[in-house]
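Residues per chain are reported as follows:
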Amino acid sequence: MFADWLGPAEWQAVALSLRVSFWATLLSLPVGLLTAYALARWRFPGRQLLNGLVHLPLILPPVVTGYVLLLGFGRRGPIGQWLEESFGVVLAFNWTGAALAAAIMAFPLMVRAMRLAIEAVDPKLEQAASTLGAGHTWVFITITLPLILPGVIAGTILAFAKAMGEFGATITFVSNIPGQTQTIPSAIHAFLQVPGGEPMAARLAIVSVIVAMAALLLSEVLAQRVARRIAGR
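Residues numbered from 1 in each chain as written. Predicted model: local features only at pLDDT ≥ 70, side-chain atom pairs only at ≥ 80, totals over all residues. Heavy atoms only, no water.

Could you give an account of the overall build of the protein chain, with specific residues and numbers?
Along the protein chain, the regular secondary structure elements total 11 helices and zero strands. Ordered by position from the N terminus, the helices and strands of the protein chain form the series α-α-α-α-α-α-α-α-α-α-α. Overall, the protein chain is about 70 × 45 × 30 Å in size when its C-alpha atoms are taken along their principal axes. Here the analysis covers contacts within the protein chain between residues at least 6 apart in sequence; of these, 70% occur between residues at least 24 apart. By element, 70% of the accessible surface of the protein chain is carried by carbon and sulfur atoms, the whole surface being about 12800 Å². One finds the centroid of the 15 positive side-chain charges in the protein chain at a distance of 9 Å from the centroid of its 10 negative side-chain charges. (Helix = DSSP H or I, 4+ residues; strand = E, 2+ residues; numbered from the N terminus. Contact = heavy atoms within 4.5 Å. Areas by Shrake-Rupley, 256 points an atom, 1.4 Å probe, with all protein chains shown as cover. Lys, Arg positive; Asp, Glu negative; His and termini not counted. Charge placed at Lys NZ, Arg CZ, Asp CG, Glu CD.)

Report on the packing of aromatic side chains, specifying residues and quantitative values.
Applying the stated criterion across every chain yields a total of four aromatic pairs. On the basis of an interplanar angle of 80 degrees and a centroid distance of 5.3 Å, the ring pair of Phe-22 and Trp-23 is categorised as edge-to-face. For Phe-22, a relative accessible area of 43% corresponds to the partly exposed category. Taking relative accessible area as the criterion, Trp-23 reaches 36% and is therefore assigned partly exposed. Considering the side-chain rings of Tyr-37 and Phe-140, the 5.4 Å spacing of their centres and the 90 degrees angle between planes classify their relative orientation as edge-to-face. (Phe/Tyr/Trp six-rings, centres within 6.5 Å; stacked < 30°, edge-to-face > 60°. Buried < 20%, exposed > 50% of the residue type's maximum accessible area, 1.4 Å probe, protein only.)

Which residues make up helix α2 (residues 8-41), and what values do they have?
Taking 1.5 Å per residue as the helical rise, α2 with its 34 residues ought to reach 50 Å, and the 48 Å between its terminal C-alpha atoms agrees with that figure. If you look at α2, its biggest bend is around 40 degrees, right at Leu-29, and the proline Pro-30 turns up within four residues after that. (Expected span 1.5 Å × (residues − 1). Bend = angle between axes of the 7 residues up to and from the residue.)

Tell me about a nonpolar patch on the surface, and name the residues and values.
Together, Leu-49, Leu-53, Leu-56, Leu-58, Ile-59 and Leu-109 line one region of the surface with nonpolar side chains, adding up to about 590 Å² of accessible area. By residue number, the principal contributor to the nonpolar patch is helix α3 (residues 47-59), which donates five residues. Take Leu-53: it is sitting in helix α3. Classification of Leu-53 as exposed rests on a relative accessible area of 51%. (Patch = residues over 30% accessible without salt bridge, like charges linked within 9 Å, V, L, I, M, F, W, Y side chains within 5 Å. Salt bridge = Lys/Arg side-chain N within 4 Å of Asp/Glu carboxyl O.)

Any chance you could break down the packing of α2 against helix α6 (residues 95-119) for me, citing the residues and the numbers?
Taken N-terminus to C-terminus, the directions of α2 and α6 make an angle of 40 degrees; their axes are 6 Å apart at the nearest point. Of the possible angle classes, the one that applies to α2 and α6 is oblique. Considering only the axes of α2 and α6, their crossing is right-handed. (Axes fitted to C-alpha atoms, helices over the stretch in contact; angles between N-to-C directions. Parallel < 35°, antiparallel > 145°, perpendicular 65-115°, else oblique. Left-handed = near helix turned anticlockwise from the far one by under 90°.)

Please give an account of the pattern of salt bridges that cites residues and values.
Applying the stated criterion across every chain yields a total of four salt bridges. Two residues, Arg-75 and Glu-84, come together in a salt bridge whose shortest N-O distance is 2.4 Å. The class for Arg-75 is partly exposed, based on a relative accessible area of 48%. Since its relative accessible area comes to 25%, Glu-84 is described here as partly exposed. The partner of Arg-115 in a salt bridge is Glu-119, and the shortest N-O contact between them spans 3.0 Å. You can see Arg-115 and its partner Glu-119 sitting in helix α6, four residues apart, about one turn around the helix.

So, in C-alpha cells, the structure goes:
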C-alpha cells in the first residue's frame, strides 16, 4: 500500500509541506491579485520599483532571501520582535516562518500569471461598465475577475507547487527541525547526509515530482475549463 511506502518521518515531511504550501498560497493570494492589478492597470511613482521588488526573489539566491527574512522577522529583528511582543507570533524556526518564506519565493510566479491575464482583458470592457454607472469594485467583480479567472487559478496552483519545492530560503530562515520545519526538500537534504538515507530521499523526490506534475496538469485543466465557460456565455 502507498501508506506503507513512506515511513513516519517521510509522511511528517509531506504533511508539513502541504500545510506550509496551503497557508503560503492562501495568504498571498489577495496580495498577489492586488499587486498584479496595480502593475497591469495603474500608473504611479515607484511602479517599476514595485515590479522589481516583486520579481527580486526569482533573481536573488534563495539563501539571501532567507537571511533577509531572518534579519527582519527573526526574534531579534524589528518586525519579528514586534510580532512576538504584540501578538505572540514567532516566525523564525517555526512552520509559520516556513510559510512566509515559501510565500515570498512563490509570489513572483503568482503575480506574473495574474498580471498577464489582466493585461489580456480589453480595458474598453471595463470602461463601458464604468460609463453605465458601475463603481470600480463592482466592475472588477463582475467584469475583470471572471475574465482573468483562468490566470488566477493558474497562478495560484503554480505558487502552491513552487511553495512545495522551496528549500534555500526556508532552511535559512527556519532551519531543518523534524516535525516543526522539515518540509520535503529539507527532509531530502537531511536524508542524503546520513548513511542509508538515499532510499528515503528517493521516495520523497518521487512524491515531489508527482505533486509538481499534478499541480501543473490541474492548473492547465482548470484554466481551460474556466476559459471555455467564459467563452460560452
